[in-house]
Amino acid sequence: MPQIEVRGLAKTFRVAERLPGLAGAFRGLFHRRMRDVHALGGIDFDIERGELVGYIGPNGAGKSTTIKILAGILNPTAGTCRVDGLTPWRDRRRHVARIGVVFGQRTQLWWDLPVIESFDLLRDIYRIPSEAYRDNRDRLIALMDLEPLLDVPVRQLSLGQRMRSDLAAALLHGPSLLFLDEPTIGLDAVSKLAIRDFVRELNRDRQVTVLLTTHDMDDIEALCQRVMVIGNGRILVDGSVAALRRRVRNERVLVVDYDSAGEAGRVDAEGEGVRLVERDASRVRIAFDPDRIPAATLIGALLAQGTPHDLFIEHPPIEQTVAELYAEHDMRER
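Residues numbered from 1 in each chain as written. Predicted model: local features only at pLDDT ≥ 70, side-chain atom pairs only at ≥ 80, totals over all residues. Heavy atoms only, no water.

**Q** I keep staring at the sheet that holds strand β6 (residues 177-181) and nothing clicks. Help me out?
**A** Where strands meet in a sheet, backbone hydrogen bonds hold them as pairs that are either parallel or antiparallel. Read across the open sheet, the 6 strands follow the order β5-β6-β7-β3-β8-β9; overall the sheet is mixed. Unpaired on one side and paired on the other, β5 (99-103) and β9 (234-239) mark the two borders of the sheet. Neighbour-to-neighbour, the strand axes of the sheet open up by a mean angle of 15°, direction not taken into account. One ladder, built from 4 bridges, connects strand β3 (residues 52-56) with strand β7 (residues 209-213); its direction is parallel. From the neighbouring strand, Y55 faces β7, where its bridge partner is T213. (Pairing = 2+ DSSP bridges. Helix = DSSP H or I, 4+ residues; strand = E, 2+ residues; numbered from the N terminus. Axes fitted to C-alpha atoms, helices over the stretch in contact; angles between N-to-C directions.)

**Q** I keep staring at the sheet that holds strand β12 (residues 283-288) and nothing clicks. Help me out?
**A** Strand order in the open sheet formed by 4 strands is β11-β12-β10-β13, and the pairing between neighbours is antiparallel. Of all strands in the sheet, those bounded by a partner on one side alone are β11 (274-279) and β13 (310-314). Strand-to-strand twist across the sheet, computed as the mean angle between neighbouring axes with direction ignored, equals 20°.

**Q** I keep staring at the domain arrangement of the protein chain and nothing clicks. Help me out?
**A** One frequent convention defines the size of an interface as the accessible area lost when the parts assemble. Parsing the protein chain into structural domains produces domain 1 (4-247) and domain 2 (252-315). Look at where the C-alpha atoms of domain 1 and domain 2 centre, and you get two points 43 Å apart. (Domains from an automatic or database assignment.)

**Q** What am I meant to see in helix α6 (residues 159-171) here?
**A** For the α-helix, the turn length of 3.6 residues means that residues three or four positions removed from each other point alike. If you check α6, its first and last C-alpha atoms are 19 Å apart, about what 13 residues at 1.5 Å a residue would give, namely 18 Å. In terms of residue burial, α6 counts as a mostly covered element, since 11 of its 13 residues are buried. Along α6, the positions that sit buried rather than exposed are G160, R162, M163, R164, S165, D166, L167, A168, A169, A170 and L171. Looking at the buried positions of α6, the neighbouring elements they touch are β5, α4 (115-126), α5 (130-143), β6 and α7 (189-206). (Expected span 1.5 Å × (residues − 1). Buried < 20%, exposed > 50% of the residue type's maximum accessible area, 1.4 Å probe, protein only. Contact = heavy atoms within 4.5 Å.)

Have a look at this one:
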């Protein structure tokens, strides 16, 4: 049985519109105009226990709205959702005891208290038994290298330090499910790598189910076995990163380096399923469709034309793949 079951989930917000200028503001006091914003248009998906799923889409696609419904923060307009057999917004007290949530632009730590005192307050809020709390706290402090930060007020932490502390705080009560909404936003490279390693280890070693929303495609490629792409409140693609690439363009790029410019200039890189992308002094970049011409066949043909000193195969950047998917979806909507 899936840990998360979502069927026909929809959410519509009612927002006020105001005409520009002072006259518009005055008119709005007496005749407020309202419009509906459809954040989710009836989505369906299941997530099995122990999965690490990326949930990506442009701003306003419905990612954070989905997370807030799954966490019990928002009520949907329509549809059903079951998480570990509970309806999040109806069984909220029991539900939140089983989940952890981290919002990249918000904190659940107390701004003026040292980190360790925030942890102690969360122990009381979640009513964590003393021994379990000590075990979880000490393990998380070690894993996230928080020892030097424990006596520092939260307001004095850097963004990376706060995110590490927030991750630990979300896991003190030992949840089986973790929602991460933009956990690496604004972080430097070192902090991003530390958080990625921690999330990977948490999912692999403790089988914690993770639903990750992010705009950082490196996070998706480094962590996720499965990706769901949402656009305009609908699920566009649900599958592996490889399947996502095939959905848009099943193309790879062979990069070949030669010692001399003459060899690069003589390479014939045209044919069925093959096209020349770029040629410079000593490098050739060739796009090919592996379903039409295997990489080994293409490499063999190039070796017959010269002797490269290096070659490697690139996938198109995942950002490019996702951007093309959005563009294709927008064209169909028009």
